[in-house]
Amino acid sequence: MKLQDFRVGARLLAESPGYSLVAVLGLAVGLAVCLLLLGYARYSWQYNAYVPDADNIYLVKQRNNFAIGAPWIDEGPVLLRNVATTLPGVTSSSGYLPWFPLTAQVDGHLFRLRDVTVLPGFVEMLGIRAISGDLTDALSRPDSFVVTRSAALRLFGTENVLGRTAVLKSAEALTVTARIGAVVPDPPANSTIRYEALLGLNLSLLPRFMAAEALTGKLGFPGNLLLRIQPGASLEAITAALQRAVDEAPVFQKKISPEIRDKLAGRKMIDIQLSRLRDAYFDNELARSPWSMQVDRGDANVVAGLVAVAVIILALAAVNYVNLATLRIIRRQREIAIRKTLGVSRYRLVLQFVAESQLVALLATAAGLLLAWLTLPMFGELMNRDLSSLSTLANAARALVIGVSVGLLTAIYPAWIALGVRPAHILVGRADTESPRGKRLRQALSVLQVAAAIVLASFTLAIYWQTLFAMNASPGFDPSHLLVFELNDGIIVGERSDNFVTALSQQPGIAGVTVSTDAVGRSKNSYGVTLRLQNGRSAAVDMKSVSRNFFIEYGLRPVAGRLFDPAVDRDNSTEPLVINSITARALGFTTPQQAIGQTVRLGDLPSMRIVGVAPDLRFGSLREAPRGLGYQLQTEGVTLTVRASGSIAAAEQAVRTVWSRFYPNSILELTPAKDIFAASYADDARLAKLLGFSTIIALLIAAFGVYVLAADAVRRRTKEIALRKLFGTRRGDIGRLVAKDIGAIILLAAVIALPIAAIAIARYLAPFIEQTPLAFWSLAIALGLALVTAALAAARQTWTAMALKPAVALRS
Amino acid sequence: MLELKRTTKRFVGAEVVTTALNDVSLQIGAGEYVAVVGPSGCGKSTLLSILGLLDSPDEGEYWFDGRNVAGRSEGELSELRRGRIGFIFQSFNLIEELSVTENVELALEYAGIPTAERRERVTHMLDKLGVAHRGKHRPSQLSGGQQQRVAIARALVNRPGVLLADEPTGNLDSAHGNEVMSILEKINAEGTTIVMVTHSPSHAARASRVIGLVDGALADQGRAAAVS
């Protein structure tokens, strides 16, 4: 490639600003979307990669089998840390304990801090180095702790915080004034180990017995354990040894009563597993578990799907450019013929067109990078991830590689056309346009463009409708007047919290307050039990602990019998049990009424009597099958639900007033009940938005492809149109002639796209128990959108054809 | 120097086969100035294409510089053509995106001439043809006569042995046309073989020999005179 080739390319672009804008911008938009999506995929796949030797770091997972259906969680008994260090192949073991929710008070302001209490070796394993202060000293003193850079800014408004103090609180009675001994960098955004503060085991905030437990694990407490394992070491052997240690630990042995042993039915009480730290982000089991660390988790299938979308969008944009460039080459045949007569070699000719294509690709890459950089914050917000780390020189270099590759690939077909130009034909005036096979290839590519747009549009609409349907699906009660919050920050459930509830209930604007272990719409604190009838029938259910006014505040009426009633029941009474219809059916009752008065046992606990059958409430998302539920009268829960007697805003204000009186050092987080359901579908809503943007871009690109096709069709048929007009054909007939060409493309695209879209939609909907009836209407609407887009895109060329002056056309 | 032996060229369409040249045998000696005349569609341009190695005959032989080049591939023809044959066209066929200097330089670049020598030869040629002052201009900024002189410069800058001209005065007024004809005579006087297709009898008469083509075959001299 010579400089002159780029010069010629630049002049060509300068002489046709319209063409240049469309060519460069079209490719730039495709590149920008591709770069953002690929950047996000790389970000996802690089989770935890910052940890030194990350590929050899494993986290310990456990599953507690005494709870029916219990999931794997990213914790393991702390005692395994010491066991692991004695095992061949384990080079080091450490971990952290998110035992305490931490609140920091600075200058009278309360802040929630995401903290971890670190075990020996943690900072070394993660390669954490202090920006200022002494990390080792700060983590070993009883009166100091460590904060991250952003925590320092949040608490103090500055990064220079060494020696500054804060009142730390982990539970109602546990507070200590501690000094900041070191400041460390924030963990990367793509890390599943999140913290804003690091606490050492010697910090006086930590009860001594817990500090001892953190080192020995004799009491069987869990923690987040990390093991560095030598490459080539036997994971099976290490896992088996850890499992043995748990099986034989006295603390777990004595917890296995004959009752529990029966329930376990041969399974171990705790299963142990090792899992690569690098895989934690995509771990579906941990994502589903409400007891795992609440960090960002991703779905590998979704990320792979987004990569596919990125490639498709870039391919669509590239095809557009190839179409444009090819038409241009056809118009430049005379120039190519001249170059051939002057003796240009085939290699030299190809290089010329590669240079011109590279010029467009490089300009598009620069514009695409700029677009991506400008839209990165918005994209990060859409994906609910901090993607600011994507703006690096290394990623810009990768973008350049992609741009150069696109430049090379898009040059292939136009260069091939150029090589096929026959100078003898062209120079004597014979039209030597692209071969029929080449034309068909371009038409096929346009069909694929339109097909891709139809698939994206259908799929996006289906997701959108299903998400809307799920968010608005009735949870079994009216959530509009309910507020939910938790007694967090280590608030102890007891007399003080009872007085708080009483005081709250008496506030104007509040109709009632109920206590439960879970808010409806979440299933964080349920536990699985087996209810057994005297006749031997049993059913596995999720047990919910609620206060006696639970059903009243949620506005529920019994399906059979009665529900808990403050006039009849006492809180924490062990006898009455309310079940739902699913439990009734599972226990063998053909009607809910038959269950009333029946006695059930829960293991060796006192029998309970079924007093009523409640309507089915949705404690999970529409992706989960409704489960059998049982409700017992216990007020040990930390979830409070407030019913507003008037406006939600007034109720919220009342809650805040009473809260500040009882818990001035704790942070209140109120959530409207309806938002709890929406949170289950937040990822779906984000996916729908992302795909929506992608669809708009795909439609625009497809529209442009149709425009170019229409322009080419009119150009090829100019003489035919002129002759038809000469013989008296009407304008409408000419319009139909052009429309026929375009219509065939859309029809073919629909034949390809609709089955693919239908399969994709069916796959997406499959996990949902209830599906919107509108999902497959998206196919018809997407097809309609494609038709309208094509019609608009071809309109100008159709008008040009209809307005063609025969005399002018025939003369030229 | 150029010899066609019983060459035939056909163009195959979807349903029609056109014989553009039919069993043509022709010799053109080095330094000759030959005019080719004939009615439209008689095969003149096809003849020029074959002589200029832009196309290959379907039958017969074409001896160029002592070598039979019939049946060679496009790449081989391009290789043979480079630096040996110059072309001038009725519609000038300059590349609009290049300046006058760049248009002329293109032929030298493809011939692999080093940059410094290229500049010197281009400057000399443009001077010789009286268009040096337009070196930085684009073709569309030149008059028809100037464009044709640039085309001639491009055709000659490689010092080819053969110059093929396809109606070089077709798009020019008579004054500029005569100017071009004078230039061609000078070139021929310097030893370049010229084969020129023309519809102009007066221009044909300035050649040393006139060949007539009728329906793809050579006409005799009398008919050639009548045709021209």
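Values in this document were obtained by computation on a predicted structure and should not be read as measured data.

**Student:** I'm lost on the overall build of chain B in this one. Help?
**Tutor:** Regarding its fold elements, chain B presents eight helices and ten strands. Reported as C-alpha extents along the three principal axes, the dimensions of chain B are approximately 45 × 40 × 35 Å. Taken across its 228 residues, chain B has 54% of its residues classed as buried. For chain B, the proportion of contacts with a sequence separation of at least 24, taken over those separated by at least 6, is 70%. If you average the places of the 24 positive and of the 28 negative side-chain charges in chain B, the two averages end up 4 Å apart.

**Student:** Any chance you could explain the sheet that holds strand β6 (residues 85–89) of chain B here in plain terms?
**Tutor:** Adjacent strands of a sheet form backbone hydrogen bonds with each other and so pair up, either parallel or antiparallel. Residues and elements named next belong to chain B. The strand order β6-β7-β8-β3-β9-β10 describes an open sheet built from six strands, whose pairing is mixed. Each edge of the open sheet carries a strand with a single partner, namely β6 and β10 (217–219). Across the sheet, the mean angle from the axis of one strand to that of its neighbour is 25°, orientation sign disregarded. Bridge count between strand β3 (residues 33–37) and strand β8 (residues 193–197): four bridges; the pairing is parallel. Bridged to Val 34 within β8 is Val 195. Against the sheet, helix α5 (residues 144–156) makes contact with β6 and β7 (162–166), and its axis sits at roughly 165° relative to β6, the strand it touches most.

**Student:** I keep staring at the sheet that holds strand β5 (residues 67–68) of chain B and nothing clicks. Help me out?
**Tutor:** Residue and element names in this part refer to chain B. On the basis of which strands lie adjacent, the open sheet formed by four strands has the order β2-β1-β4-β5 and antiparallel pairing. Each having just a single partner strand, β2 (17–28) and β5 make up the two edges of the open sheet. The sheet contact formed by strand β4 (residues 59–64) and β5 spans two bridges and is antiparallel. Of the residues in β5, the one forming a bridge with Phe 64 is Arg 67. Relative to the sheet, helix α1 (residues 44–51) contacts β1 (2–12), β2 and β4, its axis offset from that of β1 by approximately 120°.

**Student:** Any chance you could explain the interface of chain B and chain A here in plain terms?
**Tutor:** Many analyses report the size of an interface as the accessible area lost when the parts associate. Listed per partner, the contact involves 24 residues of chain B and 27 residues of chain A. Between chain B and chain A lies a buried interface of about 2300 Å² when both sides are counted; carbon and sulfur atoms form 52% of it. Among the residues chain B hides against chain A, the three largest losses belong to Glu 74, Glu 97 and Tyr 110 of chain B. Together they make up 26% of the total. At the surface where chain B touches chain A, the tally comes to four salt bridges. Salt-bridge contacts for Arg 7 of chain A lead to Glu 102 of chain B; the nearest nitrogen and oxygen are separated by 3.6 Å. Breaking the side of chain B that touches chain A down by element, the ones donating at least two residues are α1, α2 (74–81), β6 and α3 (100–110) of chain B. Broken down by element, the residue count for the side of chain B that touches chain A peaks at five residues, all from α3 of chain B. Of the residues belonging to the side of chain B that touches chain A, the class tally is nine nonpolar, six polar and nine charged.

**Student:** Could you clarify how one ought to interpret the packing of helix α18 (residues 495–505) of chain A against helix α21 (residues 648–662) of chain A in this entry?
**Tutor:** Helix-helix packing is characterised by the crossing angle of the two axes and by the distance between the axes. Residues and elements named next belong to chain A. Between α18 and α21, whose axes approach to 10 Å, the crossing angle comes to 150°. Classed by the angle they form, the pair α18 and α21 counts as roughly antiparallel. Crossing geometry of α18 relative to α21 is assigned as right-handed. For the pair α18 and α21, the contacting residues are Arg 496, Asn 499, Phe 500, Ala 503 and Leu 504 in the first and Ala 654, Val 655, Val 658, Trp 659, Arg 661 and Phe 662 in the second. A per-class count over the contact of α18 with α21 returns eight nonpolar, one polar and two charged.

**Student:** Can you walk me through the environment of Leu 700 of chain A in this structure?
**Tutor:** You can see Leu 700 of chain A is positioned in helix α23 (residues 682–716). A sequence separation of ten residues divides Leu 700 of chain A from Leu 690 of chain A, and the C-alpha atoms of the two residues are 16 Å apart.

**Student:** Teacher, can you tell me more about the nonpolar core here?
**Tutor:** Soluble, globular proteins show a tendency: their nonpolar side chains are buried together. Leu 37, Tyr 40, Phe 379, Val 450, Ile 454 and Ile 742 of chain A are the most contacted members of the largest nonpolar core, which totals 90 residues. Of all the elements, α23 of chain A adds the most residues to this core, at 15 residues. Those residues in contact with Tyr 40 of chain A that sit more than four places away from it in its chain are Tyr 281, Val 303, Leu 306, Phe 379, Met 383, Arg 385, Leu 387 and Leu 390 of chain A. Residues Leu 349 of chain A together with Leu 4, Val 36 and Ala 153 of chain B belong to the second largest nonpolar core, which totals 89 residues.

**Student:** Would you mind going over the pattern of salt bridges with me for this structure?
**Tutor:** A side chain with one charge can pair with a side chain of the opposite charge if their charged atoms come near. Residues and elements named next belong to chain A. Applying the stated criterion to the full structure yields 39 salt bridges over all chains. For Asp 271, the salt bridge goes to Arg 63, with nearest N and O atoms at 3.0 Å. Pair noted here: Asp 271 is in strand β13 (residues 270–276) and Arg 63 is in strand β1 (residues 57–64), with a separation of 208 residues, a long-range link. Take Asp 271: its relative accessible area is 15%, and that puts it in the buried class. A salt bridge links Arg 149 to Glu 159, with the nearest nitrogen and oxygen atoms 3.2 Å apart. Placement of Arg 149 in helix α6 (residues 149–156) and of Glu 159 in the loop between α6 and β9 (165–171) is noted, with a sequence separation of ten residues between them. Here the residues in one salt-bridge network are Asp 55, Arg 276, Arg 278 and Asp 279, joined through shared partners.

**Student:** Sorry if this is basic, but what is going on with a nonpolar patch on the surface here?
**Tutor:** All names here are of chain A. A contiguous nonpolar surface patch, about 430 Å² in accessible area, is contributed by Met 378, Phe 693, Ile 696 and Leu 700. Mapped onto the elements of the fold, Phe 693 is located in helix α23. Judged by its relative accessible area of 43%, Phe 693 falls in the partly exposed class.

**Student:** Help me out: how do you make sense of α3 of chain B in this one?
**Tutor:** Every α-helix carries 3.6 residues per turn, so stepping three or four residues along brings you back to the same face. Most of α3 of chain B is tucked away, with ten of its eleven residues classed as buried. Those residues of α3 of chain B lying buried are Val 100, Glu 102, Asn 103, Val 104, Glu 105, Leu 106, Ala 107, Leu 108, Glu 109 and Tyr 110 of chain B. Where α3 of chain B is buried, its residues contact α1 (3–15), α13 (333–341) and α14 (346–383) of chain A together with α4 (115–128) and α5 of chain B. Gly 112 of chain B, located one to two residues past α3 of chain B, shows a positive phi value of around 80°.

**Student:** Whenever I open this one, helix α6 (residues 174–189) of chain B confuses me. Can you help?
**Tutor:** Residues and elements named next belong to chain B. Relative to the 22 Å expected for 16 residues at 1.5 Å per residue, α6 spans 22 Å between its end C-alpha atoms, a close match to the ideal helical length. In this structure, the buried residues of α6 make contact with β3, β6, α5, β7, β8 and α7 (201–204). Among the residues of α6, the N-terminal cap falls to Asp 173, whose side-chain oxygen and the backbone nitrogen of Ala 175 are separated by 3.2 Å. After α6 finishes, the residue Gly 191 shows a positive phi value of roughly 115°.

**Student:** Explanation requested: empty space enclosed by the protein in the structure shown.
**Tutor:** The method is simple in principle: a probe with the dimensions of a water molecule rolls over the atoms, and the space it marks as empty is what remains. All names here are of chain A. Taken as a whole, this structure holds eight cavities of 30 Å³ or more when the rule is applied. One number sums up the size of the largest cavity: a volume of about 190 Å³. Grouping the amino acids of the lining of the largest cavity by side-chain chemistry returns ten nonpolar, three polar and three charged. A volume near 120 Å³ is recorded for the second largest cavity. Taken together, 14 residues form the lining of the second largest cavity, with Phe 619, Gly 620, Ala 625, Pro 626 and Arg 627 sitting closest to its centre. Tallied by class, residues from the lining of the second largest cavity come to five nonpolar, four polar and five charged.

**Student:** Mind showing me how you'd approach the pairing of strand β22 (residues 629–633) of chain A here?
**Tutor:** Regular strands have side chains that alternate between both faces of the sheet. Across the five residues that make up β22 of chain A, a large majority, five, are buried. Neither face of β22 of chain A is left uncovered, since the one carrying Leu 629, Tyr 631 and Leu 633 of chain A and the one carrying Gly 630 and Gln 632 of chain A both have all their residues buried.

**Student:** Please clarify how the packing of α3 of chain B against α5 of chain B should be interpreted in this entry.
**Tutor:** All names here are of chain B. Contact geometry for α3 and α5: axes closest at 7 Å, N-to-C directions at 25°. By the criterion of interaxial angle, the relationship of α3 to α5 is roughly parallel. Crossing geometry of α3 relative to α5 is assigned as right-handed. Where α3 abuts α5, its residues Val 100, Asn 103, Val 104 and Ala 107 lie against Val 150, Ala 153 and Arg 154. When its residues are assigned to classes, the contact of α3 with α5 shows five nonpolar, one polar and one charged.

**Student:** Would you mind showing me how to read the pairing of strand β5 (residues 109–113) of chain A here?
**Tutor:** All names here are of chain A. Direction of pairing for strand β4 (residues 102–106) relative to β5: antiparallel, over a ladder of five bridges. Paired with Gln 105 across the two strands is Leu 110, which belongs to β5. In this antiparallel pair of consecutive strands, β4 and β5, the connection spans two residues, and Asp 107 shows a positive phi of 50°.

**Student:** Can you walk me through the packing of aromatic side chains in this structure?
**Tutor:** To describe a pair of aromatic rings, one takes the distance between the centres and the angle between the planes. All names here are of chain A. Scanning all chains against the criterion turns up 25 aromatic pairs over all chains. A ring pair is formed by Phe 485 and Trp 659, whose centres lie 6.0 Å apart and whose planes are at 85°; its orientation type is edge-to-face. You can see Phe 485 sitting in strand β14 (residues 482–486) and its partner Trp 659 sitting in helix α21, a full 174 residues away along the chain. Taking relative accessible area as the criterion, Phe 485 reaches 1% and is therefore assigned buried. Linked through ring pairs, Tyr 40, Tyr 43, Tyr 47, Tyr 281, Phe 282 and Phe 379 together constitute an aromatic cluster. We note Arg 328 situated over the ring of Tyr 19; from NZ or CZ to the ring centre the distance is 4.0 Å.

Calculation notes
Residues numbered from 1 in each chain as written. Chains lettered and ligands numbered in written order. Predicted model: local features only at pLDDT ≥ 70, side-chain atom pairs only at ≥ 80, totals over all residues. Heavy atoms only, no water. Helix = DSSP H or I, 4+ residues; strand = E, 2+ residues; numbered from the N terminus. Buried < 20%, exposed > 50% of the residue type's maximum accessible area, 1.4 Å probe, protein only. Contact = heavy atoms within 4.5 Å. Lys, Arg positive; Asp, Glu negative; His and termini not counted. Charge placed at Lys NZ, Arg CZ, Asp CG, Glu CD. Pairing = 2+ DSSP bridges. Axes fitted to C-alpha atoms, helices over the stretch in contact; angles between N-to-C directions. Buried area = accessible area lost by both parts, 1.4 Å probe. Salt bridge = Lys/Arg side-chain N within 4 Å of Asp/Glu carboxyl O. Nonpolar A, V, L, I, M, F, W, Y, C, P; charged D, E, K, R; others polar. Parallel < 35°, antiparallel > 145°, perpendicular 65-115°, else oblique. Left-handed = near helix turned anticlockwise from the far one by under 90°. Core = buried A, V, L, I, M, F, W, Y, C linked by side-chain atoms within 4.5 Å. Patch = residues over 30% accessible without salt bridge, like charges linked within 9 Å, V, L, I, M, F, W, Y side chains within 5 Å. Areas by Shrake-Rupley, 256 points an atom, 1.4 Å probe, with all protein chains shown as cover. Expected span 1.5 Å × (residues − 1). Polar contact = N/O pair within 3.5 Å; in protein donor to acceptor, adjacent residues only side chain to side chain. 1 Å grid on protein atoms, 1.4 Å probe; cavity = no way out; pocket = protein on both sides within 12 Å on 5 of 7 lines; lining within 4 Å. Points joined across faces, edges and corners; volume = space filled by probe spheres on them. Phe/Tyr/Trp six-rings, centres within 6.5 Å; stacked < 30°, edge-to-face > 60°. Lys NZ or Arg CZ within 6 Å of the ring centre and 35° of its normal.

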